[in-house]
Amino acid sequence: MFEHITPYAGDPIFALVDAFNQDARPQKVNLSIGIYFDEQGHLPVLQCVQEAERRILAEGGAKPYLPMEGEAACRTQVARLLLGEGNAALAEGRVATIQTVGSSGGLKVGADFLRTWLPDSAVWVSDPTWDNHRSMFEGSGFAVHSYPYYDSATGGLRFDDMLACLRGLPARSIVLLHACCHNPTGVDLTAAQWDTLIPVLRERELLPYLDLAYQGFGDGIAEDAHSVRALAASGLTFFVANSFSKSMSVYGERCGALSAVCASKAEADLVMGQLRYTVRRIYSSPAIHAARIVAHVLGDADLRAQWEDELAQMRSRMIEVRQALHAHVTRLRPGRDFSFLLSQRGMFSYTGLTAAQVDQLREEHAVYLIRSGRMCVAGLTQGNVERVAQALAEVF
């Protein structure tokens, strides 16, 4: 029956994690998978999440199936977090938000929805992007193309080339955009560049699809949502998938959402109905514990303040290890420009290392990066950053 099946080659990132776990060298450093680790190299459990779960347990009660769209309190809090209190789109009922199985679930639900209702459109993703973006939309039946993004010569953004490409796209093309903390490069559009991009999206009648997996890891909660709020203010219709895996350190709970900001309440109601149906065909309904964590943390003033403080500490730590890595590697290789370590934002930096250099780092120095050269700076600590800098200086 299944002799004809092609073997699965495996996911390169998870395979690298397996290799790291089997590595017996005590000085090994994992800078591969996109997970935030604290200064001790541990996955943190946030105090606000612990308190939310204590309250959930104390409340007790049954654990029914949630509606297809998820828990109402969770969805309300997510929409407010993305768009800000008092946003006109929220007040006018133009936002359809569903709770999803992580932002990956949101991306997949949105992809299936769009394939049904915009069947003649194609999807455009940044060059490069998170590998699973292409896989998800291709899996929904879309043709996926790329637009210029990362400038390997400067470690920055090819913004003019990006605009030129988007100006040439057919109307109703779907453009996948990273709202902040671009994965894998760490190169983000500035607020001014977003303000330049949005009129192009409107003129060409393009559909922006934002991935916001790292809100709060770049410059701040509100700052990292600039693109979402600017698009909403422009009157454009767009999608945004967001996640709390990183920002609340609840990876395995799969806390995510998908929001569609529409031109009218009538359109938002239509979209919500078809999103429900799309969910029903995939996983039927999302997880109740994930919904309650998000609703408690975002909906309670004390827990919200505690979360914002803990999130700020995580963001500050990543900025500090970026600065330390930059200082050490600049001292060791004074003739080379490593300013990209400071200008790139969030969990990731694109180092410019070749696949062969990445292999050398792993084999000779027990420093693990994925072969594209993407480095997860959240795996750095003040205890290992100088040794990582020494290893980088040797292979560059």
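Whatever comes next refers back to the structure up there.
Since the structure is predicted, the reported quantities are computational estimates derived from the model, not experimental observations.

Novice: Please explain the pairing of strand β8 (residues 207-212) as it appears in this structure.
Specialist: A regular strand carries its side chains on alternate faces of the sheet. Taken across its six residues, β8 has six buried, putting it largely inside the fold. Both faces of β8 are covered, namely the face carrying L207, Y209 and D211 and the face carrying P208, L210 and L212. The sheet contact formed by strand β7 (residues 174-178) and β8 spans five bridges and is parallel. Looking at the pairing, I174 lines up with L207 of β8.

Novice: How should I be thinking about the pattern of salt bridges in this particular structure?
Specialist: Between side chains of opposite charge, a pair can form as their charged atoms come close. Enumeration according to the criterion identifies 18 salt bridges in this entry. Among the ionic pairs, E39 bridges to R317, the shortest N-O distance being 3.1 Å. Here R317 lies in helix α13 (residues 301-332) and E39 lies in the loop between β1 (29-30) and α2 (47-59), a separation of 278 residues in the sequence. A residue is classified by how much of its surface remains accessible, and R317, at 8% relative accessible area, is buried. The shortest N-O distance in the salt bridge between R134 and E138 comes to 3.8 Å. Pair noted here: R134 and E138 are both in helix α6 (residues 131-139), with a separation of four residues, about one helical turn. The exposure class of R134 is partly exposed, given its relative accessible area of 29%. A relative accessible area of 41% means that E138 is categorised as partly exposed.

Novice: Honestly, the sheet that holds strand β9 (residues 238-243) in this entry has me stumped. Any pointers?
Specialist: Adjacent strands of a sheet pair through backbone hydrogen bonds, lying either parallel or antiparallel. With mixed pairing, the seven strands of this open sheet are ordered in space as β2-β10-β9-β8-β7-β3-β4. A single partner strand is all that each edge strand has here, and the edge strands are β2 (95-101) and β4 (144-148). With direction set aside, neighbouring strand axes in the sheet form an average angle of 25 degrees. Judged from the seven bridges that link them, β2 and strand β10 (residues 255-261) form a sheet pairing that is antiparallel. Pairing of T100 across the sheet is with G256, part of β10. The strands touched by helix α11 (residues 265-282) within the sheet are β2 and β10, with β2 carrying the most contacts at an inclination of about 15 degrees.

Analysis parameters
- Residues numbered from 1 in each chain as written.
- Predicted model: local features only at pLDDT ≥ 70, side-chain atom pairs only at ≥ 80, totals over all residues.
- Heavy atoms only, no water.
- Buried < 20%, exposed > 50% of the residue type's maximum accessible area, 1.4 Å probe, protein only.
- Helix = DSSP H or I, 4+ residues; strand = E, 2+ residues; numbered from the N terminus.
- Pairing = 2+ DSSP bridges.
- Salt bridge = Lys/Arg side-chain N within 4 Å of Asp/Glu carboxyl O.
- Axes fitted to C-alpha atoms, helices over the stretch in contact; angles between N-to-C directions.
- Contact = heavy atoms within 4.5 Å.

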